[in-house]
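Commentary on secondary and tertiary structure
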Amino acid sequence: VIFAWVEHRYGKPTRFSVGARIIVAVFAVLFLASFTWANHSKSIVFKQLQRLDDTPYFYSQIRGARMNGTLLQFANNVDVHVMTKPTGYTKARMDQIERRYAQAGVKINQQRTHQNVGKQNLVFVLSESFADPRRVPGMKVSGGDPLPFLHQFKQRTTSGLMISSGYGGGTANMEYQALTGLSIANFSPTMPTPYSQLVPYQRRTFTINRLFHYAIGIHPFTANLYSRKTVYKKFGFKKFYHFDGGNKITYKSKIQNNPRVSDDSTYKEIDLNLHRRPHGKFIQVATMQNHMPYRPEYYHKRQYHVSGRGFKNADQQGQIEAYIQGIHYTDQALDGWIHQVDEMKQPTTIVWYGDHLPGIYHGLPMSKYGIPLHETDYFIYSNKAARRMNKDRLTAQHKIVGP
């Protein structure tokens, strides 16, 4: 409107012909519409954006805008759909599946002594970047077993290996899958991060914490990544303890020069909230102690050393050895915490798992070693009070599971 007034007021400009205007308009529409192919890896648009150093950054939109500019970051979010509609998907078919599993559930629950899982405490602990380094192909760890408690403990409770869907990152995706029971393999490639791309826009969410009357989240770090504050609210969490103005974290101690909150402090934070009322609550925890980077100066000494494959120089070797020292401290903290939980009067079950391997192992082709480079540790443990209530024995089932 302003430019039209300027043209009218100060003189008649050179005008394009009607045909030229139509051509320009068509090209403009095609150019803007082309962004609907921005996330299709085989499209010309995607390849051109890659040449422009466009880096789709979905788990932190602000950081993505700083990297790509606001227009490109906006364009990266245009072409997002949740999943392709399965063949044969109808309301009648879904009702049929629901009836089938409802009948199976009745049979499974016949021998159970309680009807409501929400009468117990349930704690999900995502242990950041935790995975046994002795499974890394061709790499030898000397100096003893860095995880003596975990290896002994896994022999007497439900445990095994989890096949992570990430390597060196993707924490929130493992968290999302554990809480919802949905595999991200079923989602569209244009939606790599459900926490920031899907959950904030859902009208209803279905998560395991909704089986409990009270749910809290604990993450001793910033909550801005992956839109966690929005996601936890959407999931129905009553409180969220973090460092960005939420509910205040009480225990924030660190180990020597490591800048991250220690796992021992995080376990104390869990204990504090387990003793608070109401009992029969769900707690979601994402630890931070073993988050990258891994620097030799973090710890005063490194009692574990590596040889063989997995690193190409002394710096990379030092990173791996610092990481192993860190997960050894996690093992020690876990030992003390499990004993404390076992003495609690409230029935409590712990689901504990490593979310992915750290991205510090070099020279190992993923095409050849994809499985071992995605194997993390997990266990499920019920304390004495929960075992008395459930009349269950500790099992020693060693299985491979997904998040």
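Residues numbered from 1 in each chain as written. Predicted model: local features only at pLDDT ≥ 70, side-chain atom pairs only at ≥ 80, totals over all residues. Heavy atoms only, no water.

A look at the overall build of the protein chain
Across its full length, the protein chain holds 14 helices and ten strands. With respect to the principal axes defined by its C-alpha atoms, the protein chain has extents near 90 × 60 × 45 Å. A total of 403 residues make up the protein chain; the buried ones form 44% of that total. Long-range pairs, those at least 24 residues apart, make up 72% of the contacts in the protein chain between residues at least 6 apart in sequence. Carbon together with sulfur atoms contributes 57% to the accessible area of the protein chain, which is approximately 22,300 Å² in total. Here the protein chain contributes 52 positively and 26 negatively charged side chains, and the mean placements of these two sets differ by 8 Å. (Helix = DSSP H or I, 4+ residues; strand = E, 2+ residues; numbered from the N terminus. Buried < 20%, exposed > 50% of the residue type's maximum accessible area, 1.4 Å probe, protein only. Contact = heavy atoms within 4.5 Å. Areas by Shrake-Rupley, 256 points an atom, 1.4 Å probe, with all protein chains shown as cover. Lys, Arg positive; Asp, Glu negative; His and termini not counted. Charge placed at Lys NZ, Arg CZ, Asp CG, Glu CD.)

So, the packing of helix α11 (residues 263–275) against helix α12 (residues 314–342)
Remark: α11 packs on α12, axes separated minimally by 9 Å, with the N-to-C direction vectors making an angle of 20°. Classified by the interaxial angle, the pair formed by α11 and α12 is roughly parallel. Regarding α11 and α12, the two cross each other, and that crossing is right-handed. In this structure, α11 contributes D263, D264, Y267, I270 and D271 to the contact, and α12 contributes T330, A333, L334, W337, Q340 and V341. Across the contact of α11 with α12, the residue classes tally to six nonpolar, two polar and three charged. (Axes fitted to C-alpha atoms, helices over the stretch in contact; angles between N-to-C directions. Parallel < 35°, antiparallel > 145°, perpendicular 65-115°, else oblique. Left-handed = near helix turned anticlockwise from the far one by under 90°. Nonpolar A, V, L, I, M, F, W, Y, C, P; charged D, E, K, R; others polar.)

Here's the deal with unusual backbone geometry
Following R277, the chain continues to P278 via a peptide bond in cis, the omega torsion being 0°. Turning to its location among the elements, P278 is positioned in the loop between α11 and β6 (282–286). Even without being a glycine, Q256 presents a positive backbone phi close to 50°. Here Q256 lies in the loop between β5 (239–241) and α11.

Topic: a nonpolar patch on the surface
Together, V18, I22, I23, V26, F27 and L30 line one region of the surface with nonpolar side chains, adding up to about 620 Å² of accessible area. Positionally, L30 belongs in helix α2 (residues 18–33). Its relative accessible area of 52% is what places L30 among the exposed residues. (Patch = residues over 30% accessible without salt bridge, like charges linked within 9 Å, V, L, I, M, F, W, Y side chains within 5 Å. Salt bridge = Lys/Arg side-chain N within 4 Å of Asp/Glu carboxyl O.)

A few points about the pairing of strand β9 (residues 375–382)
Along any regular strand, the residues point their side chains to alternate faces of the sheet. Most of β9 is tucked away, with seven of its eight residues classed as buried. Alignment of strand β8 (residues 348–354) against β9, held across five bridges, turns out to be antiparallel. By the bridge assignment, Y353 is partnered in β9 with Y378. (Pairing = 2+ DSSP bridges.)

Quick look at empty space enclosed by the protein
If a probe as big as a water molecule is rolled over the atoms, it shows which places are left empty. For the structure shown, the criterion picks out one cavity of 30 Å³ or more. Here the residues of the lining of the largest cavity are counted per class, giving six nonpolar, five polar and no charged. (1 Å grid on protein atoms, 1.4 Å probe; cavity = no way out; pocket = protein on both sides within 12 Å on 5 of 7 lines; lining within 4 Å. Points joined across faces, edges and corners; volume = space filled by probe spheres on them.)

Brief notes about the packing of aromatic side chains
Going through the model one piece at a time under the given rule, you end up with 18 aromatic pairs. A ring pair is formed by F153 and F379, whose centres lie 4.9 Å apart and whose planes are at 85°; its orientation type is edge-to-face. Of this pair, F153 sits in helix α7 (residues 148–154) while F379 sits in strand β9, and the two are 226 residues apart along the sequence. Exposure class is identical for F153 and F379. Each is buried. Grouped by ring-pair contacts, the aromatic residues F124, F212, Y232, F237, F240 and F282 constitute a single cluster. Just above the ring of Y10 sits the side chain of R9; from NZ or CZ to the centre is 5.1 Å. (Phe/Tyr/Trp six-rings, centres within 6.5 Å; stacked < 30°, edge-to-face > 60°. Lys NZ or Arg CZ within 6 Å of the ring centre and 35° of its normal.)

A closer look at the pattern of salt bridges
Per the counting criterion, the structure on display carries eleven salt bridges. As a salt-bridge pair, K91 and D95 come within 3.2 Å of each other at their nearest N and O atoms. Residue K91 and its partner D95 are located together in helix α6 (residues 91–108), separated by four residues, close to a single helical turn. Ionic contacts of the salt-bridge type, sharing partners, join the residues R135, K154, E375 and D377 into one network.

Observations concerning the environment of I184
Considering the arrangement of structural elements, one finds I184 in the loop between α8 (171–180) and α9 (194–197). The sequence separation of I184 and N173 amounts to eleven residues, and the corresponding C-alpha distance is 7.5 Å. Excluding residues within four positions of it along the chain, I184 makes contact with S165, N173, Y176, Q177 and P194.

Some words on the nonpolar core
I270 and W337 are the most contacted members of the largest nonpolar core, which totals 45 residues. Considering each element in turn, this core owes the most residues, nine residues, to α12. Leave out the neighbours within four places in its chain, and I270 touches V123, V125, I218, I283, V285 and W337. If you look at the next biggest cluster of nonpolar residues, it comprises 29 residues, including F124, Y176, L179 and V199. (Core = buried A, V, L, I, M, F, W, Y, C linked by side-chain atoms within 4.5 Å.)

Let's talk about the packing of α8 against helix α10 (residues 228–235)
One can describe the packing of α8 onto α10 by two numbers: an axis separation of 13 Å at closest approach and a directional angle of 0°. Considering the angle they form, α8 stands roughly parallel to α10. From α8, T171, A172, E175, Y176, L179 and T180 reach across to α10, where they touch R228, Y232 and F235. A class-by-class count of the residues in the contact of α8 with α10 yields five nonpolar, two polar and two charged.

Details of the pairing of strand β4 (residues 215–218)
Alternating residues of β4 divide into A215 and G217 and I216 and I218, and every residue in both groups is buried. Where β4 and β6 come together, four bridges link them in parallel fashion. Residue pairing in the sheet places G217 in a bridge with Q284 of β6. Two strands pair when backbone bridges link them, and β4 and β5 are joined in this way by three bridges, in the parallel orientation. The residue bridging I218 from the neighbouring strand is Y241, located in β5. Between the parallel elements β4 and β5, the chain passes through α10 in a crossover that is right-handed. (Right-handed = clockwise from strand over helix to strand, strands pointing away.)

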